[in-house]
Structure formats: structure tokens, C-alpha cells
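The lines below spell out each chain.
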Amino acid sequence: MTPDNARNASPRFDPDAGGGKVLTLDQAREVRRRLKRTRARLVFTNGCFDLIHPGHVAFLQRARAMGDALVVALNSDDSVRRIKGRGRPILSIEERIGVLSGMEAVDYICVFEEDTPHEILRHLLPDVLVKGGDYSPDQIVAREVVERAGGRTAVVSTAFKTSTTAIIDRILNAAT
């Protein structure tokens, strides 16, 4: 495998990476059971979180403030590539885990291979499902599953109006 192919392959990441914040689905289900027993509220969000910017940071802080623990479901490299296209992700799964795990607002990280977190949501049934202000409630994956189980959905906007795609465009424009 050439270095370019190695960079673009979905790497196998160390489950102990991320300061113990990275969980398998089974581990996340156990955390969920423990939180329910203590009546602690689980908040859930998901995304690619490629090139984390101030909007991501503010969003995650606001999401975490809605409960007692925040799980971030993180798209795998292959999943990001299918959703965002050629050249993405910019940061590998290990790099994205490294950044997210260093954030105080993030309690747990679950990596998923699918294009949506529907399966994880079906298993965790969080108390609060949070998405960014660029989503309308009817666009939120598995919203009905969470709400049917007694949870709620929230759309959180931040003052930062930027995106990873906009940052990439700014970099490319500056390079020309």
C-alpha cells in the first residue's frame, strides 16, 4: 500500500485512544444503562467533525449543557468520504478523535461506519438528541425514534457562521 492509499484508507484506531473516551457500541450501551439508573440525562450528537472550528466548539459546549453526559457519534473516514466526497476527511479518524477527546464538553465518542447514526440512536435512546442550526427538526435522523422513547430533540445555533467546507474554500482561494 502506498502512503497515499494508506492515508485514504479507514485506519483501524486504538480503542484506548482518546483518553478512554472512545466507546464501542456495547460500552456505550452500558454507559447509557448506568446513566439511566442514576437518572442522569444523556445528550447525543453526531457528525464528521473534520477541521474543528469555533462553531463546532460552541455547539458541543451548548449540547453538553443540556444534560449530564455528551456522546458524540463520529463518522468513520469511509463514512465521511461517502457523504462529503473526494478529498475528505481532511483529518483522519485518529486526528478527529484526538481533538474531540481533548474537549471538556465531550464525555464519550462512538465511531460509526454507516452514513447515519440511526443504529446507535436506536440502541442508546438518549434523553436529548442535538443537531446544529443548519438542520430543521424534520431533517434530524432518528428523531422520531428518540421522541417515541421519551427523549427530545434540540436544534442549536451558534454565533459562528462557518463550516469546514467554507474553511477549505478559503484555504484554496488563498493558495491561488
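Residues numbered from 1 in each chain as written. Predicted model: local features only at pLDDT ≥ 70, side-chain atom pairs only at ≥ 80, totals over all residues. Heavy atoms only, no water.

1. Points about the pattern of salt bridges
- Across all of its chains, the model carries ten salt bridges by this definition.
- Residues R33 and E30 are paired through a salt bridge, measuring 3.2 Å at the closest nitrogen-oxygen approach. One end of the pair is R33 and the other is E30, both in helix α2 (residues 25-37) and three residues apart, which spans about a single turn.
- Relative accessible area serves as the criterion here: at 41%, R33 is assigned to the partly exposed category.
- Accessibility expressed as a relative area gives 34% for E30, which makes it partly exposed.
- Close ionic contact of D127 with R32 constitutes a salt bridge, the shortest N to O distance being 3.2 Å. One end of the pair, D127, is in the loop between α6 (118-124) and β4 (128-132); the other, R32, is in helix α2, and 95 residues separate them in sequence.
- Residues participating in the shared-partner salt-bridge network are E30, R33 and R37. (Salt bridge = Lys/Arg side-chain N within 4 Å of Asp/Glu carboxyl O. Helix = DSSP H or I, 4+ residues; strand = E, 2+ residues; numbered from the N terminus. Buried < 20%, exposed > 50% of the residue type's maximum accessible area, 1.4 Å probe, protein only.)

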